[in-house]
Amino acid sequence: MCGIFACHNHPDVVKFKPAALKLSKAIRHRGPDWSGSVTCHNTILCHERLSIVGVESGAQPLTNADESIVLAVNGEIYNHRLIRKSLKEPYHFKTTSDCEVVIPLYMEHGLDAPKHLDGMFSFVLYDKNQDRIVAARDPIGITTLYQGWSSEQPGTVYFASELKSLHPVCDKIESFPPGHIFDSLTGERTRYFQPTWWDGEKIPETPLDLKVLRETFEKSVRKRLMAEVPYGVLLSGGLDSSLVASIAQRETLRLKKLSEEANGHADESSVDPDKGEGLVGIDDDNKLSTMTFLPQLNSFSIGLPGSPDNEAALKVAKFLGTKHHVMTFTVEDGLNALSDVIYHLETYDVTTIRASTPMYLLARKIKAMGIKMVLSGEGSDEIFGGYLYFHGAPDKAAFHEECVRRVKNLHLADCLRANKSTSAWGLEARVPFLDKEFLEVAMNIDPKEKLITAERIEKYILRKAFDTSDEPDAQPYLPDNILWRQKEQFSDGVGYGWIDALKDTAEKNVSDDMMKNPRPEWGSDIPDTKEAYWYRLMFDEHFPPSCASTVMRWTPKWSKQTDPSGRAIAIHKAKYNDAA
């Protein structure tokens, strides 16, 4: 991930520049590799870079030939090679960065440019000739982006990857909505992402095709191995991360074999990078070209000693042949990190904080090993109704509507966790389940196929798509007892003692009187548990009340419980099944 800070229509941008650089520095953890800025007219764009693609040449902000367009991007454009090849007008690229394609796309398609991007991204583009700022965020909100305003400068607009860069200068801040684009010429944000499944009340009827489901997901994982730096996979031992790891390992071994066969004799003398040739990424045949500097795929898990996730992850890693790294943490380690976690997450949501703390600790270890990018399994539970509370769905229409609602809110929950827990240490997380093409397939399946019944465990169709037991010549993706393991929410799977310790510590820090007398500035957003109250207090230590409107609390549906833990759902089984 990278970090963006931008300000447009400032009354004195030259005088503001030192402050802008300081505000950008507040998110340098997202991009520790390089810093850049461009000041022009009344606008400044700042960028903190994490270099993963176009390592040698891709410093930002990026500009076109006459420097009339300036661009700052956070994210990855997986189809950048295809875009380079399909441009209507010849364009000479200054870098091999995947992000540079946004400039010629804007020149050809204007505000429709994001529609052509396949990836995770937030960008701010300045068009000098029109004195115009354009900002956009990826369809699901995998990358983070905020927009802010100041009552002292009503005509000025600000953008940043994190709240901490905005609240010192803005008294109104909003989470920039995913799938939208902002145009300063109109001052409006409009939705560019309009998939067929977006209306949750429209129940899809597409018949289930397990082969299409499997192949589309494999392609999604393949895209996300685009890199020029060492990468790895987060492996909790649950279904989602294990499938990602399995496919990534297959692709890594295939690429290694090709590399050995080529024996370093690739002919690069006649390639044309302006057409996407010789660059990392997916080509016309959906085949991957990438560079990896580690002899094995590294996988990582974390938990308290003896945690369910670490035990399961070890089994998966042994089966797949990855080089696995188990990290254990103590309850004290987690408690000590809580304030820092909340500072980086910029939320007080209970579920997000519980799960993010181990992920935050693990990300630091991964970065210390020289890994800069990891694949992760977020999004599957929202797409397929994998949370245990989905057992309570009354019918397929309600089931589908809840899936759509969950996917739409991912930017406020699991995407926020994956993005900020890792970027706190300059590590990038990529999430194959939230691929645009895969979502189009998975969200349009008749939801009757996703319903949880006595015969069908949660996410049955995803498991079945990768079940090769009836394919004699096929190599299995996962062991059966992992493929059919019951859902553990990440904060549960790292060890049940973690959640218990959080509740116990909150009990000591928040009195009954405090619960009865919440702070007036909280308005109607009153914490309903001592744990939630405790997190809100820590949030307030870092951020003013104006930031609270960007937070959403994760709560299960069809359940009377106040605790969002999956373990609190009656159907939960403490030990995963050994068979279906």
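From a predicted model like this one, the values you see are computed outputs, not experimental measurements.

Asks: For this particular structure, what's the right way to read the pattern of salt bridges?
Replies: Oppositely charged side chains can pair when the atoms bearing their charge come close. Using the criterion set out here, one finds 38 salt bridges in the structure. Measuring nitrogen to oxygen at the nearest pair gives 2.6 Å for the salt bridge that ties K372 to D33. Placement of the pair is K372 in the loop between α8 (350–368) and β18 (373–375) and D33 in the loop between α1 (13–25) and β2 (34–40), with a sequence separation of 339 residues. What makes D33 partly exposed here is its relative accessible area of 31%.

Asks: Would you take a moment to explain the side chain of H47 for this structure?
Replies: Mapped onto the fold, H47 is located in strand β3 (residues 43–49). Look at H47 and you get buried, because its relative accessible area is 0%.

Asks: In this structure, what is going on with the sheet that holds β2? I would like to understand it.
Replies: With antiparallel pairing, six strands are arranged side by side in an open sheet as β2-β3-β1-β9-β8-β10. Only two strands of the sheet have a single neighbouring strand rather than two, namely β2 and β10 (172–175). Averaged over neighbouring strand pairs, the angle between their axes works out to 15 degrees when direction is ignored. Bridging between strand β8 (residues 146–150) and β10 involves four bridges; their strand directions are antiparallel. Within β10, the residue paired with G148 across the bridge is I173. Against the sheet, α1 engages β1 (3–8), β2, β3 and β9 (153–160), with an angle of about 20 degrees to β3.

Asks: How should I be thinking about the nonpolar core in this particular structure?
Replies: Generally speaking, nonpolar side chains in soluble globular proteins are found buried as a group. Judged by nonpolar contacts, the single largest core of 97 residues is most densely connected at F123, I140 and I383. With seven residues, helix α5 (residues 239–262) is the largest single contributor of residues to this core. Once residues lying within four places of it in the same chain are set aside, the contact partners of F123 are I4, L71, A72, V73, V102, P114, L117, V134, A135 and A136.

Asks: Please clarify how helix α4 (residues 210–223) should be interpreted in this entry.
Replies: One full turn of an α-helix is made of 3.6 residues, so residues set three or four places apart face in the same direction. Taking 1.5 Å per residue as the helical rise, α4 with its 14 residues ought to reach 20 Å, and the 20 Å between its terminal C-alpha atoms agrees with that figure. Looking at α4, one finds that the buried residues are L213, R214, T216, F217, E218, K219, S220, V221 and K223. Elements that come into contact with the buried residues of α4 comprise α5, β14 (281–282), β18, α9 (380–384), α12 (436–442) and α13 (460–465). One side-chain oxygen at the N-terminal end of α4 lies 3.1 Å from the backbone nitrogen of K211; it belongs to D209.

Asks: How should the sheet that holds strand β13 (residues 231–234) be read in this particular structure?
Replies: Strand order in the open sheet formed by five strands is β17-β16-β13-β18-β19, with parallel pairing between adjacent strands. Only two strands of the sheet have a single neighbouring strand rather than two, namely β17 (323–328) and β19 (428–430). Averaged over all pairs of adjacent strands, the angle between strand axes in this sheet comes to 30 degrees, irrespective of strand direction. The pairing of β13 with strand β16 (residues 298–303) spans three bridges and is classified as parallel. What sits directly across from G232, in β16, is N298. Of the strands in this sheet, β13, β16, β17 and β18 are in contact with α8, which crosses β16 at around 140 degrees.

Conventions used here
- Residues numbered from 1 in each chain as written.
- Predicted model: local features only at pLDDT ≥ 70, side-chain atom pairs only at ≥ 80, totals over all residues.
- Heavy atoms only, no water.
- Salt bridge = Lys/Arg side-chain N within 4 Å of Asp/Glu carboxyl O.
- Helix = DSSP H or I, 4+ residues; strand = E, 2+ residues; numbered from the N terminus.
- Buried < 20%, exposed > 50% of the residue type's maximum accessible area, 1.4 Å probe, protein only.
- Pairing = 2+ DSSP bridges.
- Axes fitted to C-alpha atoms, helices over the stretch in contact; angles between N-to-C directions.
- Contact = heavy atoms within 4.5 Å.
- Core = buried A, V, L, I, M, F, W, Y, C linked by side-chain atoms within 4.5 Å.
- Expected span 1.5 Å × (residues − 1).
- Polar contact = N/O pair within 3.5 Å; in protein donor to acceptor, adjacent residues only side chain to side chain.

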